[in-house]
Protein chains: 2
Amino acid sequence: MRKKSIRTKGCNTHNKEKTAGKNKSAIYRHRADYSWKGIKDESYKPVGGGWQDIVRKVIIGSHGESTHFHLRYFEIMPGGFSTLERHRHEHVVICVRGKGRILIGEKLHRVDFLDTVYISPNTIHQLTNPFDEPFGFFCIVNAKRDKPKLIKS
Amino acid sequence: MRKKSIRTKGCNTHNKEKTAGKNKSAIYRHRADYSWKGIKDESYKPVGGGWQDIVRKVIIGSHGESTHFHLRYFEIMPGGFSTLERHRHEHVVICVRGKGRILIGEKLHRVDFLDTVYISPNTIHQLTNPFDEPFGFFCIVNAKRDKPKLIKS
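Below, the structure is looked at part by part. Values in this document were obtained by computation on a predicted structure and should not be read as measured data.

Looking at the relation of the copies chain B and chain A
Thinking step 1. When chain B is fitted to chain A, the residual RMSD is 0.0 Å, and the transformation amounts to a turn of 180° plus an axial shift of 0.0 Å. Within this description, the copies of the chain are treated as partners about a two-fold rotation axis.
Thinking step 2. Same-surface contact between copies: 100% of interface residues of chain B are shared with the interface of chain A.

Structure follows, in structure tokens:
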């Protein structure tokens, strides 16, 4: 039992083919540039507009993990922004790189390193980066969640 | 609707009495010393031994939030360690202060800044700090979870 819980090639690397659906323990090593070994860059949203210059990395949630939540890392380049949206599911945002702004309802807040934000259900929100360095943050969400509704600004 | 989702005294501070059970948006400001405004230190575990020099801070999960997960921050002082344990629920650990060691099954791994660990169900694990500075990490768990079973080492 104990040996099976560790992947055979060690925990230092991620190999999607070997772990998909297998729910194994794993370590995703940070590369010192806000990327993680074995985690690829994805488009922020697959289609549509209303956003600019964001990258998404799904760290926990797309490799067969059984958690009731997903951990993603997003990075917004200077001048970039996420969609103005609302949905029933909550967001927990933890700033880990640079700084940024978060609109929650009608109020704009600045967030810095390790500031942690809880966005409650159905609250309109948007993340922006008006600064001159990348704004990187973890965003934790329920694994089962509704689709965001985009708001026209 | 939009105004109600923001607490009346702004998002900069946390007031447990006003928000308990109310599921409001909130910002927990990091104080630059790995503490958060409005989040108190707690004992790592309420009773029992098998652990040493750890502080727990529940950032998301004890203020009426409806998330299916809880976000906690733990800090292990030099020489400290968590209990050797296993349980059905998973752990996601993100190192954010110093460095530490994680035993996963029978293998010991060193973790540094932003290294992210997935500990799968029923895997024996323990976090230790053999280094000379505090080892701080976020630990995300399902909101509904089983009680850990302590392992005699």
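Next comes the rest of the write-up.
Overview of the interface of chain B and chain A
Thinking step 1. Contacts between the two partners involve 53 residues from chain B and, on the opposite side, 53 residues from chain A.
Thinking step 2. Across the contact surface, chain B and chain A share 2 salt bridges.
Thinking step 3. The closest approach of N and O atoms between B:Arg29 and A:Asp115, which form a salt bridge, is 2.9 Å.
Thinking step 4. Applying the counting rule to chain B against chain A returns 26 residue pairs in polar contact (both at pLDDT 80 or more).
Thinking step 5. Counting only elements with at least two residues in the side of chain B that touches chain A, the list comes to strand E1 (26-28), strand E3 (52-60), strand E4 (69-81), strand E6 (91-97), strand E8 (107-111), strand E9 (116-119) and strand E11 (135-142) of chain B.
Thinking step 6. Its residues assigned to classes, the side of chain B that touches chain A shows 27 nonpolar, 15 polar and 11 charged.
Thinking step 7. Where strand E1 (residues 26-28) of chain A lies against E9(B), 3 bridges are found, and the strand directions are antiparallel. Paired with A:Ile27 across the bridge in E9(B) is B:Val117.

Focus: the environment of B:Val111
Thinking step 1. For B:Val111, the position within the fold is in strand E8.
Thinking step 2. The class of B:Val111 is buried, set by a relative accessible area of 1%.
Thinking step 3. Sequence spacing of B:Val111 and B:Val93 is 18 residues, and the spatial spacing of their C-alpha atoms is 9.8 Å.
Thinking step 4. When residues no more than four places from it in sequence are discounted, the contact partners of B:Val111 are A:Arg29, B:Cys95, B:Lys99, B:Gly100, B:Ile102, B:Val117 and B:Phe135.

Comments concerning the environment of A:Glu42
Residue and element names in this part refer to chain A.
Thinking step 1. Along the chain, Glu42 turns up in strand E2 (residues 42-43).
Thinking step 2. It is 20 Å that separates the C-alpha atoms of Glu42 and Ile27, two residues lying 15 residues apart in sequence.
Thinking step 3. Leave out the neighbours within four places in its chain, and Glu42 touches Val55, Arg56 and Val58.

Details of the environment of A:Arg86
All names here are of chain A.
Thinking step 1. Residue position: Arg86 is located in strand E5 (residues 85-86).
Thinking step 2. Each C-alpha atom, one on Arg86 and one on Asp146, is 10.0 Å from the other, the two residues being 60 residues apart in sequence.
Thinking step 3. Among the polar contacts listed, one links the side chain of Arg86 to the backbone oxygen of Asn122, at a separation of 2.8 Å.

A short note on the side chain of B:Asn129
Residues and elements named next belong to chain B.
Thinking step 1. Note that Asn129 resides in the loop between strand E10 (125-128) and E11.
Thinking step 2. Among the polar contacts listed, one links the side chain of Asn129 to the backbone nitrogen of Phe131, at a separation of 2.9 Å.
Thinking step 3. Each residue touching Asn129, except ones within four places of it in the same chain, is listed here: Ile76, Met77, Pro78, Gly79, Gly80, Lys99, Pro134 and Phe135.

Some words on the pattern of salt bridges
Thinking step 1. Scanning all chains against the criterion turns up 13 salt bridges over all chains.
Thinking step 2. With a shortest N-O distance of 3.7 Å, A:Glu133 and A:Lys99 are connected by a salt bridge. Linking A:Glu133 in the loop between strand E10 (125-128) and strand E11 (135-142) with A:Lys99 in the loop between strand E6 (91-97) and strand E7 (100-104), this pair joins segments that are 34 residues apart in sequence.
Thinking step 3. According to the relative accessible area criterion, A:Glu133 is partly exposed, its value standing at 33%.
Thinking step 4. Residues B:Arg97 and B:Glu75 are paired through a salt bridge, measuring 3.1 Å at the closest nitrogen-oxygen approach. Remark: B:Glu75 occurs in strand E4 and B:Arg97 occurs in strand E6; sequence separation between them is 22 residues.
Thinking step 5. Judged by its relative accessible area of 23%, B:Arg97 is partly exposed.
Thinking step 6. Judged by relative accessible area, which is 9%, B:Glu75 ranks as buried.

Conventions adopted
- Residues numbered from 1 in each chain as written.
- Chains lettered and ligands numbered in written order.
- Predicted model: local features only at pLDDT ≥ 70, side-chain atom pairs only at ≥ 80, totals over all residues.
- Heavy atoms only, no water.
- Least-squares fit on C-alpha atoms with pLDDT ≥ 70 in both.
- Contact = heavy atoms within 4.5 Å.
- Salt bridge = Lys/Arg side-chain N within 4 Å of Asp/Glu carboxyl O.
- Polar contact = N/O pair within 3.5 Å; in protein donor to acceptor, adjacent residues only side chain to side chain.
- Helix = DSSP H or I, 4+ residues; strand = E, 2+ residues; numbered from the N terminus.
- Nonpolar A, V, L, I, M, F, W, Y, C, P; charged D, E, K, R; others polar.
- Pairing = 2+ DSSP bridges.
- Buried < 20%, exposed > 50% of the residue type's maximum accessible area, 1.4 Å probe, protein only.

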